[in-house]
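Letter by letter, the chains look like this.
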Amino acid sequence: MTTQNLNTACVCGSYSFEVPVHEDVSGDKVWQLKATGCAATTQSKFAPGHDAKLKSLIIQAGVGGHQVRQVTRDTVVAKDAMRVAADLGWEDLVRDAIARGSS
């Protein structure tokens, strides 16, 4: 009997960060959501090329000093960009890019 690999959501779509835009007249803080916009499915961890999309997002967050959020079902975990990169095995690459200030 063979087992079929089912497609699952690409991991990059679960990550995002927020950038403060301004505070409105009533004191509400307005933020802009930065995300990969990925809705792809795949039989592996990432859809083709989407590891690069996620690296770029993490670097942008790191350059701006923003927390990266990962949403998994009903759980949200926020970490600094370098911790996310380390979890994914990209620590050196991301550290160097953040130091250069570019993705």
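Calculation notes
- Residues numbered from 1 in each chain as written.
- Predicted model: local features only at pLDDT ≥ 70, side-chain atom pairs only at ≥ 80, totals over all residues.
- Heavy atoms only, no water.
- Phe/Tyr/Trp six-rings, centres within 6.5 Å; stacked < 30°, edge-to-face > 60°.
- Lys NZ or Arg CZ within 6 Å of the ring centre and 35° of its normal.
- Axes fitted to C-alpha atoms, helices over the stretch in contact; angles between N-to-C directions.
- Helix = DSSP H or I, 4+ residues; strand = E, 2+ residues; numbered from the N terminus.
- Parallel < 35°, antiparallel > 145°, perpendicular 65-115°, else oblique.
- Contact = heavy atoms within 4.5 Å.
- Nonpolar A, V, L, I, M, F, W, Y, C, P; charged D, E, K, R; others polar.
- Pairing = 2+ DSSP bridges.
- Core = buried A, V, L, I, M, F, W, Y, C linked by side-chain atoms within 4.5 Å.
- Buried < 20%, exposed > 50% of the residue type's maximum accessible area, 1.4 Å probe, protein only.
- Salt bridge = Lys/Arg side-chain N within 4 Å of Asp/Glu carboxyl O.

With respect to the packing of aromatic side chains
For the structure on display, the rule yields 1 aromatic pair. Between K55 and the ring centre of W90, over which it is positioned, the NZ or CZ distance is 4.9 Å.

What to know about the packing of helix α1 (residues 50-64) against helix α2 (residues 81-88)
The N-to-C vectors of α1 and α2 enclose an angle of 155 degrees; their axes lie 8 Å apart at closest approach. The angle between the axes of α1 and α2 places the two elements in the roughly antiparallel class. Contacts between α1 and α2 involve L54, I58, A61 and G62 from the first element and A81, V84, A85 and L88 from the second. Residues that form the contact of α1 with α2 fall into these classes: 7 nonpolar, 1 polar and no charged.

Let's talk about the sheet that holds strand β2 (residues 15-23)
Pairing is antiparallel in the open sheet, where 4 strands are placed in the order β3-β2-β5-β6. Each edge of the sheet is formed by a strand with only one pairing partner; in this case those strands are β3 (29-35) and β6 (75-80). When the angles between neighbouring strand axes are averaged without regard to direction, this sheet yields 35 degrees. Examined bridge by bridge, β2 and β3 share 7 bridges and lie antiparallel to one another.

A few points about the nonpolar core
Counting residues in hydrophobic clusters, the biggest one holds 21 residues, and the most contacted among them are Y15, F46, L54, I58, L88 and W90. Put simply, the parts of the chain that give this core at least two residues each are β2, α1, α2 and α3 (91-100). The leading source of residues in this core is α1, at 5 residues. For Y15, the contacting residues outside a window of four places in its chain are A35, T36, L54, L57, V68, R69, Q70, V84 and L88.

A word on the pattern of salt bridges
Pairing of side chains with opposite charge becomes possible as their charged atoms draw close. Tallying each qualifying case throughout the model produces 4 salt bridges. For E91, the salt bridge identified is with R95, shortest N-O distance 3.4 Å. Highlighted residues: E91 and R95, both in helix α3, separated by 4 residues, approximately one helical turn. Given a relative accessible area of 38%, R95 falls into the partly exposed group. Here D92 and R95 are joined by a salt bridge, their closest N and O atoms 3.0 Å apart.

Brief notes about the environment of D96
Relative to the assigned elements, D96 resides in helix α3. Sequence separation of D96 and K53 is 43 residues, and the distance between their C-alpha atoms is 17 Å.

Regarding the pairing of strand β5 (residues 67-72)
Direction of pairing for β2 relative to β5: antiparallel, over a ladder of 2 bridges. Residue pairing in the sheet places Y15 in a bridge with Q70 of β5. Relative to β6, β5 runs antiparallel, the two being bridged by 6 bridges. In the sheet register, Q67 faces β6, and the bridge partner there is D80. Count of turn residues in the β5/β6 antiparallel hairpin: 2 residues, of which R73 carries a positive phi of about 55 degrees.

Everything listed here is a matter of coordinates, which is why it stays silent on function.
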